[in-house]
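Chain by chain, the residues:
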Amino acid sequence: EGDFSVTPWEAKGKIDYDKLIQEFGVEKLGEELLSRIERIAGGLHPLLRRNFFFAHRDLNLVLNDYEEGRGFFLYTGRAPSNSPMHIAHIVPFIATRWFQEKFGANVYIQIPDEEKFLAKKVETLEEIEKYAVQDILNIIALGFDENKTFIFRDTEYISKLYKPAVLVARHINFSTARAVFGFDNESTIGLIFYPALQIVPTFFEKKRPLIPCGIDQDPYFRLQRDIAPRLNRYKAAEVLSKLVWGLKGPETKMSASEPDTAILLSDPPETVKRKIINAYTGGRATVEEQRRLGGVPEVCTVFHWYSVLFEDDDKKLLERYHACRTGKLLCGECKAELVERINSFLERHRARVKDAEKKMHLYLYDGKL
Ligand code: SF4
C-alpha cells in the first residue's frame, strides 16, 4: 500500500502520481498522444496542456474510433449529498465539456441520488432532493450542449438501468468488490450493489465510452474493463486527472464537509476572500524575506489554483511563476487577484445557473435514445 491510499471514497497523504501510474496500470498521457489530440481538436485545453490530466486508458483507441468514423461517447457523474459542489468538483465536467465540444460526442451524466444515502452520509432521501437539483443546475451551467447531453437520476431512471445492472452484477463477486472499493462489514448491502449501477452507463451506446475523471475514480472502471468483454461490450476508456489541492496545502484534499479547505460554488465574495487570504502559500515569513528569497510557487495552493483553473494564458502563468520566484510578487497581491478571478467566475456561474433553471428539462434523459 505504501504511504498513500486512493480509493473512490477517500484520497489522503502525499500522492506520488508516477507511482500511481505503475500501481493502477494506467498509461502516461504523453507528448505523442497530446499532439494527436491537439491536431484533431485544433488546440489543447489548459488542463491537458499542463498535464493536470496526466494519465489515460485507451485514449489512443478513442481517437482511432473518432478518426475512423465510429465515434465515441462521454460518461461522467456526480453523487449529490448535503456537501455542496466545490471548485474541484467541476474539473472533470470542464474536461468532459471540452471533449464534447471538440469531438461532437454525446455526454451521459449519472446522478446517483441514492449513493450518499446508502453510504449513510445523509439521513433521508428527501434531503438529497434539493441537492440533486442544485447539482444538476451547476453541471448544466458549465455549458453542456443541450442536444448532446443526457442527465439522469438513478431513482428516476432505475427501470432502464436495472436490467443491465443485473447483467453486470452477476459478474462481480463480493471479494472483488471488497478489494476494489474497500467495503467492510459495516457497508450497507445497497452500497455494495451500487458499483453495478455505475458501470451500466458505459454500455448506453454501442461505441467506446470515454470517462474523464480523477485518478481516484479509476478502480470503478477497472472493474468495468474486466467485465465488458464478457458482456461483449467496449471497455471504458479514461482520461485521468490529478486531484485539485485543498486550501490547506499541497495535495491536501478539498472537502465540502470542511468548508475552509474548499471554495464552494455557493460561496459569497466575502467568504471567498477570507478563505483565500487564509490559504497555504509558498510565501516567506516576512515581506523582507520574500523580496530577498522569493516565494515557492511549487508548494503554493494559490499558484496551483491559478494553474488549474484561473489562468488560461501559459505566458502569464509563467510570468507569475517568475515574479514569485524572484520576490517581485508578494502573496497579498497574488491572493487578491485570485479572489477577483474566483469571484468573477462564481458570479458568471451563478447567472448561468439561473439560466439553467429554465432549460433543465432539455437535459433530463427520458430514455428516447
Ligand atoms: Fe504563492 Fe503568489 Fe505568494 Fe508566490 S506570490 S507564494 S504564487 S501566493
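Along each chain, residue indices are assigned from 1 in the same order as the chain's sequence is written. Totals for whole chains, interfaces and linings use every residue, but because this is a predicted model, local features are given only for residues with pLDDT of at least 70 and side-chain atom pairs only at 80 or more, for both listing and counting.

Chemist: Mind laying out helix α14 (residues 301–310), listing which residues take part and the relevant values?
Modeler: Burial analysis of α14 places eight of its ten residues in the buried class, the great majority of the element. A residue is called partly exposed when the number of other C-beta atoms within 10 Å of its own lies between 12 and 20, exposed at 12 or fewer, and buried at 20 or more, with C-beta atoms placed from the backbone. We count a stretch as a helix when DSSP gives it H or I for four or more residues in a row; a strand needs E for two or more, and each element gets its number in order from the N terminus. Buried within α14 we find Thr-301, Val-302, Phe-303, His-304, Trp-305, Tyr-306, Val-308 and Leu-309. In this description, any two residues whose backbone-derived C-beta atoms lie within 7 Å of each other are considered to be in contact. Buried positions along α14 lie against α15 (314–325) and α16 (331–359).

Chemist: Quick one: what's the story with the confidence of the model for the chain, residue by residue and with numbers?
Modeler: Looking at the chain as a whole, the pLDDT averages 92, with 95% of positions reaching at least 70. Counting contacts from residues 1–5, a segment whose pLDDT is below 50, to residues more than four positions away or on other chains yields eight contacts. The pLDDT value tells you how sure the predictor is about a given residue, anywhere from 0 up to 100. Scored below 50 in pLDDT, residues 7–12 shows 16 contacts in the model against residues more than four places distant or in partner chains. For this predicted complex, the interface confidence reaches an ipTM of 1.00, while the overall pTM sits at 0.93.

Chemist: For the nonpolar core, give the residues involved together with the corresponding values.
Modeler: In this structure, Phe-53 and Ile-151 are the most contacted members of the largest nonpolar core, which totals 94 residues. Element by element, the count of residues in this core is highest for helix α7 (residues 125–140), at seven residues. A domain assignment, automatic or from a database, supplies the domain bounds used here. Split by domain, this core shows at least three residues from each of two domains, domain 1 (5–243) and domain 2 (259–353). When near neighbours in sequence (up to four residues on either side) are disregarded, Phe-53 contacts Leu-29, Leu-47, Leu-48, Ala-95, Val-239, Leu-240 and Ser-241. What makes a nonpolar core is a set of buried Ala, Val, Leu, Ile, Met, Phe, Trp, Tyr and Cys residues, with links drawn between C-beta atoms within 7 Å.

Chemist: Quick one: what's the story with the sheet that holds strand β9 (residues 237–241), residue by residue and with numbers?
Modeler: Strands sit in the order β3-β4-β9-β8-β5-β6-β7 across an open sheet of seven strands; the sheet is mixed. A single partner strand is all that each edge strand has here, and the edge strands are β3 (27–28) and β7 (149–153). Any two strands with at least two DSSP bridges between them are considered paired. Two strands pair when backbone bridges link them, and strand β5 (residues 72–77) and strand β8 (residues 208–214) are joined in this way by three bridges, in the parallel orientation. The residue of β8 that forms the bridge with Leu-74 is Leu-210. Simply put, an axis is a line fit to the C-alpha atoms, just over the touching stretch for a helix, and the angle between two N-to-C directions goes from 0 to 180 degrees. Sheet strands touched by α7: β6 (107–111) and β7. Its angle to β6, the strand with the most contacts, is close to 160°. Running over the sheet, helix α8 (residues 154–169) touches β6 and β7 and is turned about 100° from β7.

Chemist: Explain the domain arrangement of the chain to me, and be specific about the residues and the numbers.
Modeler: For the chain, the domain assignment lists domain 1 (5–243) and domain 2 (259–353). Domain 1 and domain 2 are separated by 29 Å when their C-alpha centres are compared. With eleven residues of domain 1 in contact, the opposing surface of domain 2 contributes twelve residues. Residues belonging to the side of domain 1 that touches domain 2 are distributed by class as follows: eight nonpolar, two polar and one charged. Three classes are used, and their members are as follows: Ala, Val, Leu, Ile, Met, Phe, Trp, Tyr, Cys and Pro are nonpolar, Asp, Glu, Lys and Arg are charged, and the others, Gly among them, are polar.

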